[in-house]
Amino acid sequence: MDNLKNKIISILLIFGFVVFLGFAGFSGRVFSQTANQVILTWRAESFAPPDFQGRTLPSPGSMITVSAEEVSGGRILDLSRTSLSWDIDGRFFQDGTGLKKISFKADTTPGSSHFVRVAIERSGGKEEATAQIPVSSPTVAIAAPYYPAGTAPRGGFKVFAEPYFFNVGSIGDLLFFWDVNGAARSGGSDNSLEVSADPLRNERYFRIKSIVQNRKNILEVGREGVVFTAR
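Values in this document were obtained by computation on a predicted structure and should not be read as measured data. All residue numbers refer to positions counted from 1 along the written sequence of the respective chain. In view of the model being predicted, local features appear only for residues whose pLDDT reaches at least 70, and side-chain atom pairs are presented and counted only at 80 or more, with totals across whole chains, interfaces and linings using the full set of residues. Where side-chain values are given, they derive from all heavy atoms of the structure, hydrogens and water being excluded.

Novice: Whenever I open this one, the nonpolar core confuses me. Can you help?
Specialist: Across soluble globular proteins, nonpolar side chains show a tendency to be buried alongside one another. Membership of the largest hydrophobic core comes to 28 residues, with the highest contact counts inside it found for Leu40, Val66, Trp86, Ile102, Phe104 and Val118. Think of it this way: any DSSP run of H or I at least four residues long counts as a helix, any run of E at least two long counts as a strand, and we number them from the N terminus. Mapped onto this core, the elements with two or more residues apiece are strand S2 (37-44), strand S3 (63-72), strand S5 (83-88), strand S7 (101-105), strand S8 (113-122) and strand S9 (125-134). Top element by residues in this core is S2. It accounts for four residues. Residues in contact with valine 66, not counting those within four places in the same chain, are Leu40, Thr41, Trp42, Trp86, Lys100, Lys101, Ile102, Phe104, Val116 and Ile133. The definition of a nonpolar core used throughout is a set of buried Ala, Val, Leu, Ile, Met, Phe, Trp, Tyr and Cys residues joined through side-chain atoms within 4.5 Å. Three labels apply to residues, based on accessible area from a 1.4 Å probe with only protein chains included: buried if under 20% of the type maximum, exposed if over 50%, partly exposed otherwise in between. The contact criterion used throughout is that any non-hydrogen atoms of two residues lie within 4.5 Å.

Novice: Looking at this model, I keep getting lost on unusual backbone geometry. Mind explaining?
Specialist: Leaving glycine aside, a negative phi is the common case for residues, and trans is the common case for peptide bonds. With phi around 55 degrees, aspartate 89 is a residue other than glycine that occupies positive phi space. Inspection of the secondary structure assignment puts aspartate 89 in the loop between S5 and strand S6 (91-97). Since its relative accessible area comes to 27%, aspartate 89 is described here as partly exposed. Backbone geometry at asparagine 181 places phi at a positive 50 degrees, although glycine is not the residue there. Position of asparagine 181 relative to the elements: it lies in the loop between strand S13 (174-180) and strand S14 (183-188).

The following block contains the structure:
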């Protein structure tokens with residue numbers, strides 16, 4: 001139960017940090033010689049469950065798209081004839097006329113960030129904005145629809161592995177492997193597992209581990225383990 005609480009707290013902290021950085025990603029930091037404002041937004045092409053309410057983070061190998069807009073007096077300016085220059089992590093990346101959007105692959109380690117800067121230059125002045133994009137590792141949460149948290153019916157129950165931030169297009173691109181009290185269970189495309197108690201052993205605690213693997217990249221793996229108490 002403590003493991004489950006710790007996992008939930010960790011996810012909440014991550015999501016809170018993501019929300020904070022999400023605001024930074026939308027507004028950026030603006031260094032302007034005029035009254036104009038530059039707004040940066042970003043998105044990562046990594047997987048998250050459809051009901052996930054937070055910002056989907058990139059993991060190593062994810063494609064990230066960053067877009068820039070310039071606002072003045074409440075209206076979006078036309079940048080189609082304006083020069084934009086982009087840096088990533090302090091190094092020049094790309095420039096061009098009307099280049100409002102760039103895409104690149106996350107290649108830093110989980111727990112660190114990519115730092116993106118855009119500079120918009122015109123005869124009337126120069127505006128810059130930056131965004132910090134956190135990179136996560138593929139993450140797995142084990143969930144069970146029972147209350148109180150960390151408990152389950154004594155006769156048998158069902159758990160679900162919820163994957164986050166894998167570089168896949170759908171949950172069908174993932175393989176799920178399980179271990180219950182030290183006994184391996186066969187893997188497959190089903191992210192759920194039926195757990196049955198052995199009446200002869202009078203089992204009360206169920207130590208469940210889930211390993212999730214990208215079918216197309218066997219090195220991309222997420223792991224999680226929790227303990228459920230039968231009631």
